[in-house]
Amino acid sequence: MQFFLWLGLCLIVVIAWGVLGLFEKLATDHLAPAAALVWVAIGFMLLQAVAFPHVFWRYPTSSLIWALANGVLCAFGFLALLLALRHGGKVSIVEPLSALYPVLVAFLTPHLFGERASLQHSLGIACAVAAIVLLTADTKEIRESGRT
């Protein structure tokens, strides 16, 4: 039963963040990335306050510090994503490329948490790294940028 719960939740992430990528592009077509980031933050706060009003501030201080650090890094990354879209990045490349952040997590977890990747997981990570190369190797764009 747990398998289906976490798998279903992951599918919700895929759908929500897949649609989110389209909304990010639409937002940065009409808003400065910093302004879009503020509205995203408001959306986060509204979700927390509306969906979980009874637990809004009942957390240990250490957990709040980690969550705050998470929020700062999330905002920094999200702002960079919006800037990439605003400054000519193709949404079909920027979104999948930015979604490869779990590769970094996979490299760090053995050192930080003692987790080990199986051969299957290691092959998946290698495929993700290959995806980075394939996504960013837009030969037409590289040729055009070499002329200027």
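Residues numbered from 1 in each chain as written. Predicted model: local features only at pLDDT ≥ 70, side-chain atom pairs only at ≥ 80, totals over all residues. Heavy atoms only, no water.

Thoughts on the environment of His30
Here's step 1: Positionally, His30 belongs in helix H1 (residues 2-30).
Here's step 2: Sequence separation between His30 and Arg86 is 56 residues, and the spatial gap between their C-alpha atoms is 9.5 Å. (Helix = DSSP H or I, 4+ residues; strand = E, 2+ residues; numbered from the N terminus.)

Quick look at the nonpolar core
Here's step 1: Counting residues in each nonpolar core, the largest one holds 7 residues, listed as Ala36, Leu37, Phe78, Leu81, Leu82, Leu85 and Val94.
Here's step 2: Sorting the residues of this core by element identifies helix H2 (33-51) and helix H3 (61-86) as the ones contributing at least two each.
Here's step 3: The element best represented in this core is H3, accounting for 4 residues. (Core = buried A, V, L, I, M, F, W, Y, C linked by side-chain atoms within 4.5 Å. Buried < 20%, exposed > 50% of the residue type's maximum accessible area, 1.4 Å probe, protein only.)

Focus on the side chain of Thr109
Here's step 1: Along the chain, Thr109 turns up in helix H5 (residues 101-113).
Here's step 2: Beyond its immediate chain neighbours, meaning those up to four positions away, Thr109 contacts Gly114 and Glu115. (Contact = heavy atoms within 4.5 Å.)

Thoughts on a nonpolar patch on the surface
Here's step 1: Together, Phe3, Phe4, Trp6, Leu7 and Leu11 give the surface a local cluster of nonpolar side chains, amounting to about 530 Å² of exposed area.
Here's step 2: Among the secondary structure elements, Phe4 is positioned in helix H1.
Here's step 3: Phe4 gets classed as exposed once you look at its relative accessible area, which sits at 58%. (Patch = residues over 30% accessible without salt bridge, like charges linked within 9 Å, V, L, I, M, F, W, Y side chains within 5 Å. Areas by Shrake-Rupley, 256 points an atom, 1.4 Å probe, with all protein chains shown as cover. Salt bridge = Lys/Arg side-chain N within 4 Å of Asp/Glu carboxyl O.)

Some words on H3
Here's step 1: Look at H3: 37 Å from first C-alpha to last across 26 residues, which is about the 38 Å you get at 1.5 Å a residue.
Here's step 2: What H3 keeps buried is the set Phe78, Leu81, Leu82 and Leu85.
Here's step 3: Here the buried face of H3 lies against H1, H2 and helix H4 (91-98).
Here's step 4: At the exit of H3 stands Gly88, carrying a positive phi of roughly 95°. (Expected span 1.5 Å × (residues − 1).)

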